[in-house]
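# Chain and residue survey
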Amino acid sequence: MKNKKHLFLIAFRQLSQRKRQSILSLAGISVGVMVLITAISLMNGLVESFVQKIINIAPHVLVSGEKMLPLVPDQLIKPGKNSEVNFIKNVYRSDEEVIKNYKKIMDLIEQDSLVEMATPLVGLNTIGKFGTTTLPVQLFGIIPSSQDKIEKFKKSMISGNYDQLERTPDGILLGTSAAQDFSAKVGDRIQIVANNGNIFSLRVIGIFSTGINDIDGNVYVNLKLAQNIGGYPPNEVTDIYIRVNNLKKDYLVADNIKNLTNYKAITWEEKASSVLALFKMISMIVYFLVFFVVLVAGFGVANVLITNVLEKTRDIAILKSIGFKKSEITVIYIFQGLIVAIIGAAIGCLLGYGMIEILSSIKIASSSSSAVRADRLLMGKNLWYFTFSFGFAVLVSLIASIIPARNAAKVNPVEILRGEK
Amino acid sequence: MNDIIIKAENVNKTIVNKNGGEVVSTTILPDISLDFRRGEFSAITGPSGSGKTTLLYLIGALDMPTNGRIFLEEKEISAMKEEELAELRNEKFGFVFQFHFLLPEFTALENVMMPMLARGRTTVKRAREKAAELLKQVGMEDKQNNKPNQLSGGQQQRIAVARALANDPIVLLADEPTGNLDSKNSENIYSLFEKLNRENNQTIIVVTHDEHFALRTHRKIHIIDGKIDQDIRTKEPGSSIQS
Ligand SMILES: Nc1ncnc2c1ncn2[C@@H]1O[C@H](COP(=O)(O)OP(=O)(O)OP(=O)(O)O)[C@@H](O)[C@H]1O
Ligand SMILES: [Mg+2]
């Protein structure tokens, strides 16, 4: 049993004898593996590019003005003391969610060694007006120099000069979608209508395109101006964006902030959870369908083996009569399944590679309805797509081979050799 | 000199078949006892359906008796497991069948090598040399690289004989080896058997319908209805057999 070369040879010769059928089932495996690799690449490419973009240009942790717990009144009453607390309701915009004394909060946040940097923002829902176009627009007040460290606007500028924003108190930066919606270009003056009806006339100093539709629909101004538009005092902002230096520990940063400040802090995974969940579900459906393709290919392998066993009962009987053991007969047919699977899967890997190359080189019209815009399919490329697909196809074929191979071992040589043809 | 290498004791073979709903059991060999000596060339004859093939397969460990015991060189083969039987068939027995059962995908030489490779005890090189030698013995040295479908029935049967001899079997078993051959080819096979017995002292048990040939062997066992009807030793093992 040590040397299985002769078993392999028998398996191989029998397969070569039935060329057409063997090649057909081999092709089935190849196609299955190719489709599997392509699907994995496509789905992973989508998710990875999305995640990569988010990691690069979105805050890893986002702190917002929403209080996690009411600070009043139970926390003010020390247990066991019979003290009385007078709670005066804050009459100043209690419905707004703001971070008060944001500089102090930021100091607290930046003490965490996991935090790389933090930057304050004021986010407002406003109305934008340009020419005849009037549209609701999400406006953010930022500190341009530190905001750039998170959202990389400077790199994404398609016209204008990002640095100019800091020097222009009435400057406004447009995302490319927003610019398109208003048909505005650098140098134009856009009107922003605040909630209280005040109108601010702002000069477009640049247009950027990050590729993430959510961000590209926004407009950006200096923090002070936004506080002005929104009617916030200088020590109030609505959000703080944070970059961490270890992405795997972003949840620790968020937890820490929640504990320290009582403000709501969420990680990028939580923020993108609905999109990520959607991706996950689409992936599952695709993998499920592809799984069946490979399964059908496995049936192809089983089919070759079943016919081979049926047509080769005579040969099996001969092999048994010259001393081949049941286990050796089984191995012969398992080998047949494996030969078809391995060659088929290897070809499938090559085809899959080619498919990825072709698909990732085709230009497509970018769609603004997807989460991430791109001018071509974002295909993932990773060795594990190939090893996984290869392994999966071989495993399926191996399982498909077991029953026919066992039937082969069960052939009773006596009845066949007796020669009652 | 008369050492017994195969011994069958009260062997019974009954086959149970399920025919639709009812179970039909057929006794092919009711109770047979006989033994074979080393170097003996025996012929088993008898009418069709008398149980010759069944008996031969039992002796050669291809089949198991329902009752009774069979010994090969004092080891009871009727008590062995499937794995051991396979090894026995490989090492101790050589089979030749009525239909020249060769593996169609392999050349004559490779077919003869197969029993040697089965247990992996020899190297491929040694197996090839031995196979070539055996093919020479059966007069097929010039057909080494032919596939079975490029050979005549008689040629295929000689190669089957060479294959049966591959592992120097204790006993060569043949079931109507000339049943599918014309008289000239039949004569070739018979002479080959005689030569093997004479020159190598090869023990041979052959089932045949050919009464004339049966008389040329050392011993003629006639079977009717699974029972020994006649068992005559015409010559002593080792004595020359004249054609
Ligand atoms: N699987 C089986 N089921 C039922 N009956 C069987 C089976 N195998 C063999 N027989 C019967 O057993 C008897 C003996 O068969 P066997 O093949 O041993 O005869 P044989 O003497 O070799 O005949 P032949 O000269 O025709 O080859 C026959 O009647 C046959 O029909
Ligand atoms: Mg017979």
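Residues numbered from 1 in each chain as written. Chains lettered and ligands numbered in written order. Predicted model: local features only at pLDDT ≥ 70, side-chain atom pairs only at ≥ 80, totals over all residues. Heavy atoms only, no water.

## Thoughts on the packing of aromatic side chains
If you walk through the whole model with that rule in mind, you get 22 aromatic pairs over all chains. Residues Phe153 of chain A and Tyr162 of chain A carry aromatic rings whose centres are separated by 6.0 Å and whose planes lie at 45° to one another, so their mutual orientation is tilted. Side by side, Phe153 of chain A and Tyr162 of chain A carry an identical accessibility label, which is buried. One aromatic cluster is present, formed by Phe288, Phe291, Phe292, Trp384, Tyr385, Phe388 and Phe392 of chain A through successive ring pairs. One Lys or Arg, Arg219 of chain B, reaches over the ring of Phe36 of chain B and ends 5.0 Å from the middle of that ring. (Phe/Tyr/Trp six-rings, centres within 6.5 Å; stacked < 30°, edge-to-face > 60°. Buried < 20%, exposed > 50% of the residue type's maximum accessible area, 1.4 Å probe, protein only. Lys NZ or Arg CZ within 6 Å of the ring centre and 35° of its normal.)

## Some details on the pattern of salt bridges
According to the stated counting rule, one finds 27 salt bridges over all chains in the structure shown. Here Asp163 of chain A and Lys154 of chain A are joined by a salt bridge, their closest N and O atoms 3.3 Å apart. Asp163 of chain A sits in the partly exposed class, given a relative accessible area of 35%. When the shortest N-O distance is used, the salt bridge between Glu105 of chain B and Lys312 of chain A registers 2.2 Å. One end of the pair, Glu105 of chain B, is in the loop between strand E6 (93-96) and helix H3 (108-118); the other, Lys312 of chain A, is in the loop between helix H12 (273-311) and helix H13 (313-321), on a second chain. Taking relative accessible area as the criterion, Glu105 of chain B reaches 2% and is therefore assigned buried. (Salt bridge = Lys/Arg side-chain N within 4 Å of Asp/Glu carboxyl O. Helix = DSSP H or I, 4+ residues; strand = E, 2+ residues; numbered from the N terminus.)

## Considering the sheet that holds strand E8 (residues 203-207) of chain B
Residue and element names in this part refer to chain B. Strands sit in the order E6-E7-E8-E3-E9-E10 across an open sheet of six strands; the sheet is mixed. For this open sheet the edge positions go to E6 and strand E10 (227-233), each flanked by a neighbour on one side alone. This sheet shows a mean twist of 15° between the axes of neighbouring strands, independent of strand direction. In this sheet, E10 lies alongside strand E9 (residues 219-224) in antiparallel orientation, the contact comprising six bridges. Residue pairing across strands places His222 opposite Gln230, the latter belonging to E10. (Pairing = 2+ DSSP bridges. Axes fitted to C-alpha atoms, helices over the stretch in contact; angles between N-to-C directions.)

## Notes on the packing of helix H1 (residues 5-17) of chain A against helix H14 (residues 326-361) of chain A
Residue and element names in this part refer to chain A. Two elements in contact, H1 and H14, have axes whose closest approach is 8 Å; the angle formed by their N-to-C orientations is 55°. By the angle class used here, H1 and H14 are oblique. Crossing hand, H1 versus H14: right-handed. Two secondary-structure elements touch here, H1 through Leu7, Phe8, Ile10, Ala11, Phe12, Gln14 and Leu15 and H14 through Glu328, Val331, Ile332, Tyr333, Phe335, Gln336, Ile339 and Val340. Among the residues forming the contact of H1 with H14, the class breakdown is 12 nonpolar, two polar and one charged. (Parallel < 35°, antiparallel > 145°, perpendicular 65-115°, else oblique. Left-handed = near helix turned anticlockwise from the far one by under 90°. Contact = heavy atoms within 4.5 Å. Nonpolar A, V, L, I, M, F, W, Y, C, P; charged D, E, K, R; others polar.)

## Quick notes on the environment of Val112 of chain B
Residue and element names in this part refer to chain B. For Val112, the position within the fold is in helix H3. By relative accessible area, which is 0% here, Val112 ends up buried. Remark: the alpha-carbon pair of Val112 and Ser50, spanning 62 residues in sequence, is separated by 32 Å. Not counting residues up to four positions away in its chain, the partners in contact with Val112 are Ala131, Leu134, Leu135, Ile159, Ala162, Arg163 and Ala166.

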